[in-house]
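Working through the structure, step by step
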Amino acid sequence: MRLATWNVNSVKARLPRLLEWLAETAPDIVCLQETKCAAEAFPVAEVSELGYTAAAHGDGRWNGVALLSRVGLADVTLSFPGEPGFGELDGVGAARPEARAIGATCAGMRVWSLYAPNGRTLDSPHFVYKLDWFAALRDALAAEVAAGLPVVACGDYNVAPTDADVWDASLFAGATHVTPAERQALAALRDLGLHDVVPTPMKGPHPFTYWDYRAGMFHQNKGMRIDLVYASGDVAGRVRSAYVDREARKGKGPSDHAPIVVDLEA
DNA sequence: ATGACTCGTACGACGAGA
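Small disclaimer: the values here were computed from a predicted structure and weren't measured.

Taken as a whole and assessed by the stated rule, the structure comprises 12 salt bridges. We note a salt bridge from Arg100 to Glu98, for which the minimum N-O separation is 2.8 Å. You'll find Arg100 and Glu98 in the same group, each marked buried. Of the charged contacts in the structure, one is a salt bridge between Arg225 and Asp196, with a shortest N-O distance of 2.9 Å. Here Arg225, found in the loop between strand E9 (195–196) and strand E10 (227–231), pairs with Asp196, found in strand E9; they are 29 residues apart in sequence, far enough to count as distant. Among the ionic contacts, a cluster of salt bridges with common partners joins Asp165, Asp196 and Arg225.

Below, the discussion takes up the UniProt feature "site: Transition state stabilizer" (unreviewed entry) in chain A. Summarizing the sequence annotation, UniProt attributes the feature "site: Transition state stabilizer" (unreviewed entry) to Asn158 in the numbering used throughout. For Asn158, the position within the fold is in the loop between strand E8 (151–156) and helix H4 (180–190). Residues within four places of Asn158 in sequence aside, it is in contact with Tyr115, Ala116, Pro117, Asn118, Lys130, His177, Glu182 and Ile226. Among the polar contacts made by the side chain of Asn158, one reaches the main-chain carbonyl oxygen of Ala116 at a distance of 2.9 Å.

The next thing to look at is the sheet that holds E8. Spatial strand order, E5-E6-E7-E8-E10-E9: six strands in an open sheet with mixed pairing. The two strands at the open ends of the sheet, each matched to only one other strand, are strand E5 (74–78) and E9. Relative to strand E7 (residues 109–115), strand E6 (residues 101–106) runs antiparallel, the two sharing six bridges. Looking at E7, one finds that Ala101 is bridged to Leu114. Docked against the sheet, helix H3 (residues 125–146) engages E7 and E8, running at close to 175 degrees with respect to E7.

Next up on the list: the protein's contact with DNA strand B. If you check the shell around DNA strand B, you find 24 residues, and the closest are Ser10, Arg61, Asn118, His177 and Met224. For DNA strand B, the fraction of protein-proximal atoms (within 4 Å) that sit in sugar or phosphate groups is 56%. In this structure, a phosphate oxygen belonging to DNA strand B sits 3.0 Å away from a side-chain N or O atom of Tyr115. One of the backbone nitrogen or oxygen atoms of Tyr213 is found 3.2 Å away from a sugar or linking oxygen of DNA strand B. When the residues that make up the surface near DNA strand B are grouped by side-chain class, the tally is eight nonpolar, nine polar and seven charged.

Looking now at the sheet that holds strand E3 (residues 53–57). Pairing in this open sheet of six strands is mixed, and the strands run E3-E4-E2-E1-E12-E11 from one edge to the other. Edge positions in the open sheet fall to E3 and strand E11 (239–244), since each of these has one partner strand only. The sheet shows a mean angle of 10 degrees between the axes of neighbouring strands, direction not considered. Looking at chain direction, strand E1 (residues 2–7) and strand E12 (residues 260–264) are connected through four bridges and run antiparallel. Bridge pairing in E12 places Ala4 opposite Val261. The strands touched by helix H1 (residues 15–25) are E1, strand E2 (29–33), strand E4 (65–69), E11 and E12; relative to E1, the strand with the most contacts, the crossing angle is about 160 degrees.

With that settled, consider the side chain of Arg14. Topologically, Arg14 is positioned in the loop between E1 and H1. Of the buried charged residues, Arg14 lacks a salt bridge, with Asp256 as the closest side chain of opposite charge at 6.3 Å. A distance of 2.8 Å separates the side chain of Arg14 from the backbone oxygen of Asn9, its partner in a polar contact. Polar contacts involving the side chain of Arg14 include one to the main-chain carbonyl oxygen of Gly253, which spans 2.9 Å. Contact partners of Arg14, with chain neighbours within four places excluded, come to Val8, Asn9, Tyr213, Gly253, Pro254 and Ser255.

On to H4. Within the sequence span of H4, burial applies to Glu182, Arg183, Ala185, Leu186, Ala187, Ala188 and Leu189. Buried-residue contacts for H4 involve H3 and E10.

Counting across every chain of the model gives eight aromatic pairs. Note on Trp133 and Phe134: the rings are 5.3 Å apart at their centroids and 85 degrees apart in plane angle, and the pair reads as edge-to-face. Taking relative accessible area as the criterion, Trp133 reaches 0% and is therefore assigned buried. Take Phe134: its relative accessible area is 1%, and that puts it in the buried class. One aromatic cluster is present, formed by Phe80, Trp133, Phe134, Tyr157 and Tyr230 through successive ring pairs.

What follows is about the nonpolar core. Phe134, Leu137, Leu141, Tyr157 and Leu189 are the most contacted members of the largest nonpolar core, which has 24 residues in total. Sort the elements by how many residues they give to this core and H3 lands first, with eight residues. Sequence-distant contacts of Phe134, that is, excluding residues within four places in its chain, are made with Ala116, Tyr157, Val159, Ala185 and Leu186. Of all hydrophobic cores here, the second largest spans 23 residues; its members include Leu3, Ile29, Val197 and Ala231.

Analysis parameters
Residues numbered from 1 in each chain as written. Chains lettered and ligands numbered in written order. Predicted model: local features only at pLDDT ≥ 70, side-chain atom pairs only at ≥ 80, totals over all residues. Heavy atoms only, no water. Salt bridge = Lys/Arg side-chain N within 4 Å of Asp/Glu carboxyl O. Buried < 20%, exposed > 50% of the residue type's maximum accessible area, 1.4 Å probe, protein only. Helix = DSSP H or I, 4+ residues; strand = E, 2+ residues; numbered from the N terminus. UniProt positions renumbered as here; feature names shortened; annotations may be inferred. Contact = heavy atoms within 4.5 Å. Polar contact = N/O pair within 3.5 Å; in protein donor to acceptor, adjacent residues only side chain to side chain. Pairing = 2+ DSSP bridges. Axes fitted to C-alpha atoms, helices over the stretch in contact; angles between N-to-C directions. Near = heavy atom within 4 Å. Nonpolar A, V, L, I, M, F, W, Y, C, P; charged D, E, K, R; others polar. Lys, Arg positive; Asp, Glu negative; His and termini not counted. Phe/Tyr/Trp six-rings, centres within 6.5 Å; stacked < 30°, edge-to-face > 60°. Core = buried A, V, L, I, M, F, W, Y, C linked by side-chain atoms within 4.5 Å.

Below, the structure is given as structure tokens:
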């Protein structure tokens with residue numbers, strides 16, 4: 001069983017590379033983030049030619065998440081229970097959740113594709129939103145873990161778990177992605193019994209998954225590990241290997257994130 | 001290569017990304 005997660009930075013712009021990568025890598029389950037398209041615009045026909053069933057959650061130009069599976073895709077959930085939103089309030093004073101979470105049952109596992117809010121700056125309302133989002137995610141995943149479901153929550157968490165997960169921690173003073181509050185949000189997920197499935201970097205000591213497009217960051221390996229696979233104990237115990245597919249970050253027209261590929265026993 | 005971004009929207013910049 002091969003599971004993968006990839007922030008594609010627009011499924012439309014990435015479609016040729018995505019299809020090529022799916023054919024080469026042959027994952028059974030794929031979590032996609034930043035699809036940047038409405039659910040009805042998701043390229044269902046194209047991925048179905050490769051044998052995948054797709055479920056997409058998107059509202060247009062920002063965010064967007066999707067799941068692909070060729071081992072079943074049932075009980076699809078758009079957004080998680082209690083997920084907060086951002087921006088305009090509705091009649092009862094709540095903002096509608098953005099398209100940042102989609103869950104489904106695939107091959108007996110509860111699989112989530114997640115795209116955490118960026119946070120922007122420490123003094124931004126978006127940073128408060130980010131922490132609230134993680135708190136609600138914790139509660140939603142706690143319920144699934146408590147129900148005894150094998151859970152794997154994959155995606156772009158927009159948090160580097162440790163200082164070793166950014167190319168130069170000193171440059172991140174006063175920035176998002178590295179604060180104690182954000183790292184505590186990840187620790188709260190691990191406290192549920194979720195395990196950080198750390199992938200093998202295929203080059204260099206750090207399993208970075210993101211490199212800014214600008215200033216030759218990828219070529220200098222100035223990256224960040226912000227895409228994570230958090231798996232409940234039963235799933236984590238089945239992990240045979242995991243790697244960052246940095247080949248997918250090379251060449252013409254890549255995403256700024258590389259996929260993580262996880263091989264599970266059976 | 002001693003410098004170095006890309007997306008959607010919409011057709012010209014601009015907000016957002018991290």
